[in-house]
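# A closer look at the structure
Okay, here's what each chain looks like letter by letter:
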Amino acid sequence: MESHIYFLGGFGLLILLVAWFPVFIRNLPLTLPIICVMIGYAIFTVAGIELNPRDYPNTLSLLVELTIIVSLTGAGLSIDKRLKWRKWIDTARLLGIAMPVSVAAVAGLAAYVLGLPWETAALLGAVLAPTDPVLASNVRVGPPMEGPEDGVRFNLTTEAGLNDGVGFPFTFLAIGLAAHGGSLGAWTWEWLAIDVVWRIIAGFLAGWCIGRLLGNIVYRVRSKIIARTGQGFATLGITFVAYASAEFIHGYGFIAVFVAALVLRRRDGDHAYNTRLHDFTEQTEHLLMMVLLVLFGGALAGSALEGLTWKIALATVIILFCIRPLAGMLSLAGSPMLRCERTVVSLFGIRGVGSFYYLAYAASMQDFRQADIVWTTTSFVVLVSVFAYGMVSAPVMGWMDRRKAEEQSG
């Protein structure tokens with residue numbers, strides 16, 4: 001039998017798994033990402049196939065890049081709240097305080113515990129900056145006008161929607177440090193002006209303009225004739241146009257995609273077409289994510305965790321369960337959210353496959369000393385994140401809902 005027949009059969013089984021299997025694990029402490037990692041590990045172990053993502057940085061970055069931008073569009077379309085500053089203040093705190101503190105703390109940990117040179121330590125801090133609530137669906141905002149949108153779900157979704165782009169400057173900082181021998185200098189001002197200020201602003205502007213333009217076309221032209229078509233796959237066009245527009249002017253496409261989806265949704269927030277766009281995006285996102293996680297499981301069966309030491313394991317525990325919660329609580333001090341809500345938001349610093357995009361991107365741009373340690377640490381952090389947060393997300397959210405009810409009644 002030709003090899004492509006095996007591929008088609010396996011891909012078909014994966015699609016059925018994504019579509020139907022969640023029904024059977026709804027009451028179990030398991031999630032679909034956990035199952036996919038386990039399946040990938042089993043398949044590649046039995047087949048004896050060696051998969052090392054370090055050998056394919058460009059292919060890895062392209063596949064993860066596609067998954068991220070589709071995910072960001074879905075996140076933007078799901079937000080019901082209006083674009084008013086007071087509703088986004090906690091998200092701004094997480095991005096402006098928690099993320100830089102986490103990056104600095106992870107870099108310090110990598111330098112002093114793992115013994116990495118500062119430019120490589122900065123790279124580890126940068127690639128672990130983005131959070132990814134996709135891996136724990138219980139903490140996401142639901143579909144438009146349907147799902148719960150309390151403070152916890154809203155802040156975790158919007159934080160992940162924006163920090164994929166806002167965290168990019170730290171990757172460029174690590175690349176700059178590697179290119180200049182680990183020292184700061186005149187190049188730092190160029191990094192600050194271009195990679196921090198311009199790219200972020202350009203990403204927001206491109207996203208706003210594309211979202212506004214397409215929103216007017218969809219919901220204003222000839223009595224919403226386009227919206228009435230109900231073509232959900234148009235969301236891919238929205239995603240790619242917004243992303244390419246930002247990248248064309250050297251802005252962060254990740255920011256543009258999320259902002260474009262937000263702005264487009266605002267043009268007619270109650271229209272049923274928003275749900276059609278969101279549903280198609282979510283299905284595409286799930287399929288892409290599951291493919292990546294099966295491949296991730298296959299990499300774990302190979303050499304992804306080669307060189308894993310007790311220091312890396314200790315650093316992983318500290319990164320996920322000490323640094324992120326403490327940085328989150330620090331950033332949310334004084335927030336109007338209830339204490340139990342601040343605790344849950346701070347706890348769920350979920351790291352996902354997005355970290356591999358930054359790592360593969362940086363590896364293709366610059367050589368880093370002891371980069372193998374960064375690959376191993378990132379792989380182990382994502383593995384622990386998938387299993388730990390996937391298993392505890394439902395119980396923790398249930399606990400939060402009960403505590404919130406108690407605090408509000410008391």
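One can find the structure itself at the top, above this paragraph.
### As for the side chain of Asn163
Position of Asn163 relative to the elements: it lies in helix H6 (residues 151-166). Side chain to side chain, Asn163 and Thr131 meet in a polar contact 3.0 Å long. With residues up to four places along the chain from it excluded, the contact list for Asn163 reads Leu95, Met99, Ala129, Pro130, Thr131 and Tyr358.

### Regarding the side chain of Arg267
Structurally, Arg267 is set in helix H10 (residues 253-267). A relative accessible area of 17% places Arg267 in the buried class. When neighbours within four sequence positions are excluded, Arg267 is seen to be in contact with Arg212, Gly215, Asn216, Tyr219 and Arg220.

### As for the packing of helix H3 (residues 57-78) against H10
Viewed as axis vectors pointing N to C, H3 and H10 meet at an angle of 25 degrees, and their least axial separation amounts to 7 Å. Taken together, the axes of H3 and H10 lie roughly parallel to each other. Handedness of the crossing formed by H3 with H10: right-handed. In this structure, H3 uses Glu65, Ile68, Ile69, Leu72, Thr73, Ala75, Gly76, Leu77 and Ser78 to contact H10, whose residues at the interface are Phe254, Val257, Phe258, Ala261, Leu262, Leu264 and Arg265. Residues belonging to the contact of H3 with H10 are distributed by class as follows: eleven nonpolar, three polar and two charged.

### So, the pattern of salt bridges
Inspection of every chain in the model, using the stated rule, returns five salt bridges. A salt bridge links Asp372 to Arg54; the shortest N-O distance between them is 3.4 Å. Pair noted here: Asp372 is in helix H15 (residues 371-409) and Arg54 is in the loop between helix H2 (32-47) and H3, with a separation of 318 residues, a long-range link. For Arg54, a relative accessible area of 18% puts it in the buried group. Here Asp195 makes a salt bridge to Arg199, at a shortest N to O gap of 2.8 Å. Linking Asp195 with Arg199, this pair stays in helix H8 (residues 187-220), spanning four residues, or about one helical turn. Given the relative accessible area of 12%, Asp195 is considered buried.

### As for unusual backbone geometry
We note that His250 has phi near 60 degrees; this positive angle belongs to a residue other than glycine. By secondary structure assignment, the location of His250 is in the loop between helix H9 (234-248) and H10. Of note in the backbone geometry, Gln370 takes a positive phi value of approximately 55 degrees without being a glycine.

What counts and how
- Positions within a chain are numbered from 1, following the residues in the order the chain's sequence is written.
- Given that this is a predicted model, residues contribute local features only at a pLDDT of at least 70 and side-chain atom pairs are listed and counted only at 80 or more, while totals for whole chains, interfaces and linings are drawn from all residues.
- With hydrogens and water stripped out, all remaining heavy atoms of the structure feed into the side-chain values.
- Put simply, DSSP marks the helices as runs of H or I at least four residues long and the strands as runs of E at least two long, and each gets a number from the N terminus on.
- Two N or O atoms count as a polar contact when they lie within 3.5 Å, although within protein this holds only if one can serve as hydrogen donor and the other as acceptor, and sequence-adjacent residues are included solely when both atoms are side-chain atoms.
- Only heavy atoms matter for contacts: two residues are in contact if any of them lie within 4.5 Å across the pair.
- The classification of residues rests on relative accessible area computed with a 1.4 Å probe and restricted to protein chains. Under 20% of the type maximum is buried, over 50% is exposed, and intermediate values are partly exposed.
- Note on geometry: axes are C-alpha line fits, over the in-contact stretch for helices, and angles between N-to-C directions span 0 to 180 degrees.
- Here roughly perpendicular refers to angles of 65 to 115 degrees, roughly parallel to angles under 35, roughly antiparallel to angles over 145, and oblique to all remaining angles.
- The handedness criterion is simple: a crossing whose near helix is rotated anticlockwise from the far helix by less than a right angle is left-handed, and one whose near helix is rotated clockwise is right-handed.
- Each residue gets one label: Ala, Val, Leu, Ile, Met, Phe, Trp, Tyr, Cys and Pro are nonpolar, Asp, Glu, Lys and Arg are charged, and the others, such as Gly, are polar.
- Each reported salt bridge corresponds to a side-chain nitrogen of Lys or Arg within 4 Å of a carboxyl oxygen of Asp or Glu.

In short, shape yes, function no, at least from these values alone.
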